[in-house]
Amino acid sequence: MSAVTSGRERAASQPPGGAGGTGDTGSSDARGPLGARFAGRGRRAGLVAAGAAVAVTLALPPILTGSQLSVYILLALSAMVTVGLSLLMGYAGQVSIGQASFYAIGAYAAGLLSVHGTPPLLALAAAPLIAALFAAAIGGPLLRLRGHHLAFATIALQLILISLLGEADWAGGSVGLQGIPRLSAGGTELGEDIHYAYLAWAAVAVTVLVARNVVTSRAGRGLRALATSETAASASGVPVARYKLAVFTLAAAFAGLAGGIYAFFIGYINPGSFPVLLSIQFLVMAVVGGLGTIWGALLGATAITLIVQFLNDLGSRPGMPASAPSILNYAVYAGLLILVVLFLPRGIVPALRDAWQRRIAGRVRAGTGTAERA
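In this text the structure is predicted, and so the values were computed from the model without any measurement.

Engineer: Even after reading the chapter, I still don't get helix α13 (residues 294-315), so can you show me in this structure?
Structural biologist: An α-helix turns once every 3.6 residues. As a result, residues three or four positions apart point the same way. Here α13 contains 22 residues, and its C-alpha end-to-end distance of 31 Å stays within 8% of the 32 Å for a straight helix at 1.5 Å per residue. Taken as a whole, α13 has its buried residues at Ile 294, Gly 296, Ala 297, Leu 298, Gly 300, Ala 301, Ile 304, Thr 305, Val 308, Leu 311 and Gly 315. Where α13 begins, the capping side chain belongs to Thr 293, and its oxygen is found 3.1 Å from the backbone nitrogen of Gly 296.

Structure below.
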């Protein structure tokens, strides 16, 4: 769990911009006019990269095929869940290996409400709220646990939830919940996959904006202190228990929103739609991309989703056993975690950011030396 527990150190080293990476891009050596100039270039480069990412995101849906578009939508839903999990583990220091529980709660909440006559748009709005309320109800006793005890408790929570849903006739039992209508608003129905692609990525934009505002706020400064040391944060007046519960609830709301969109997009859900492997997938996404970073969550979700799709295609080829996709996925998850722990213990995005900061510091030192010789 070293890649997971290092989230505390990672959050402590965050710039003032928090997880969004919008703070100082320079290192401690990047001071004075030259440092400010290079830091300004770094911020401009970040804005250009963000703009390019948004442009590509909006341009892709019309040119993707049916199966590719489905993967694109599932990627966006995974990114939403991973953003919340990255904050939960990177800032609050809470290890969750059962985040798919809230994904399932959001999906079943939206599906059940819409099937029983609630307007679909209202049912979708209720999905993150219900997931957040459930997290708030169980978070108090659950978050008293720490480390691997909390991790095992979150897995147990998911297993219990899946078992209850499989036995509940009102939720469709093991057969699942069928007949979930398409999402509609004002008489306009979202009947095409491309509509859900834009809806899912709009929801990603909302979660990113909320997460960025949280980590750059006064509460975000308290979270950074909490990630460094709970004891020191408590001594400084940070309400540790309340902040941990707030982040736990926020991460659950993000997952619930993703689950609600998933239910309307697929139109059918059952307990098997939310296996423990899905929670592990979210965890790997957050760790590989970089805990405590928004860009890391997005990059990790993109990389793992594409790898999983490739492995599923490989495992479904003629001659492969039925269990091949699951075996390949578990093997790749284990391999990626080992590689990240060994070579990128803080994740891809923090490693890239550190390399950029070292480059800026080197240029500043070289520029300062040139100016002194002149």
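Still more to cover.
Engineer: Teacher, can you tell me more about the packing of aromatic side chains here?
Structural biologist: Think of a pair of aromatic rings as described by two things: how far the centres are apart, and how the planes are tilted against each other in angle. On inspection of all chains with the given rule, the structure shows nine aromatic pairs. Between Tyr 103 and Tyr 262 the ring centres are 5.6 Å apart and the planes differ by 40°, which places this aromatic pair in the tilted class. On the criterion of sequence distance, the pair formed by Tyr 103 in helix α5 (residues 100-115) and Tyr 262 in helix α11 (residues 240-266) is long-range, its members being 159 residues apart. Summarising the burial analysis for this pair, Tyr 103 and Tyr 262 share the class buried. On the numbers, 5.8 Å between centres and 80° between planes, the contact of Tyr 103 with Phe 282 is edge-to-face. A residue pair is termed long-range when its members are at least 10 positions apart, and Tyr 103 in helix α5 and Phe 282 in helix α12 (residues 276-289) qualify at 179 residues. In this structure Tyr 103 comes out as buried when scored by relative accessible area, which is 5%. What makes Phe 282 buried here is its relative accessible area of 1%.

Engineer: Any chance you could explain the nonpolar core here in plain terms?
Structural biologist: What tends to happen in soluble globular proteins is that the nonpolar side chains get buried as a cluster. Membership of the largest hydrophobic core comes to 94 residues, with the highest contact counts inside it found for Leu 77, Phe 102, Ile 269 and Phe 274. In terms of residue count, α11 provides more of this core than any other element does, 15 residues in total.

Engineer: Is there a simple way to think about helix α4 (residues 66-90) in this case?
Structural biologist: When the terminal C-alpha atoms of α4 are compared, their 35 Å separation across 25 residues agrees well with the 36 Å that a helix rising 1.5 Å per residue should span. Where burial is concerned, most of α4 is hidden: 20 out of the 25 residues are buried.

Engineer: Looking at this model, I keep getting lost on the environment of His 148. Mind explaining?
Structural biologist: Residue placement: His 148 occurs in helix α7 (residues 147-167). Among the residues examined, His 148 registers a relative accessible area of 46% and is labelled partly exposed. Sequence separation of His 148 and Gln 94 is 54 residues, and the distance between their C-alpha atoms is 9.7 Å.

Engineer: Would you mind going over a nonpolar patch on the surface with me for this structure?
Structural biologist: A contiguous nonpolar patch, built from Ile 338, Leu 339, Leu 342, Phe 343 and Leu 344 and spanning about 520 Å² of accessible area, is present on the exposed surface. On the secondary structure map, Leu 342 appears in helix α14 (residues 324-343).

Engineer: It is not clear to me how the packing of α5 against α7 should be interpreted in this structure. Could you clarify?
Structural biologist: The relative placement of two packed helices comes down to the angle between their axes together with the axis-to-axis distance. The interhelical angle for the contact between α5 and α7, taken along N-to-C directions, is 30°, at an axis separation of 9 Å. In this view, α5 runs roughly parallel relative to α7, as classed from their interaxial angle. In contact with Ala 100, Ser 101, Phe 102, Ala 104, Ile 105 and Tyr 108 of α5, α7 contributes Thr 154, Leu 157, Gln 158, Leu 161 and Leu 165. Of the residues that constitute the contact of α5 with α7, the class distribution is eight nonpolar, three polar and no charged.

Rules used in this analysis
Residues numbered from 1 in each chain as written. Predicted model: local features only at pLDDT ≥ 70, side-chain atom pairs only at ≥ 80, totals over all residues. Heavy atoms only, no water. Helix = DSSP H or I, 4+ residues; strand = E, 2+ residues; numbered from the N terminus. Expected span 1.5 Å × (residues − 1). Buried < 20%, exposed > 50% of the residue type's maximum accessible area, 1.4 Å probe, protein only. Polar contact = N/O pair within 3.5 Å; in protein donor to acceptor, adjacent residues only side chain to side chain. Phe/Tyr/Trp six-rings, centres within 6.5 Å; stacked < 30°, edge-to-face > 60°. Core = buried A, V, L, I, M, F, W, Y, C linked by side-chain atoms within 4.5 Å. Patch = residues over 30% accessible without salt bridge, like charges linked within 9 Å, V, L, I, M, F, W, Y side chains within 5 Å. Areas by Shrake-Rupley, 256 points an atom, 1.4 Å probe, with all protein chains shown as cover. Salt bridge = Lys/Arg side-chain N within 4 Å of Asp/Glu carboxyl O. Axes fitted to C-alpha atoms, helices over the stretch in contact; angles between N-to-C directions. Parallel < 35°, antiparallel > 145°, perpendicular 65-115°, else oblique. Contact = heavy atoms within 4.5 Å. Nonpolar A, V, L, I, M, F, W, Y, C, P; charged D, E, K, R; others polar.

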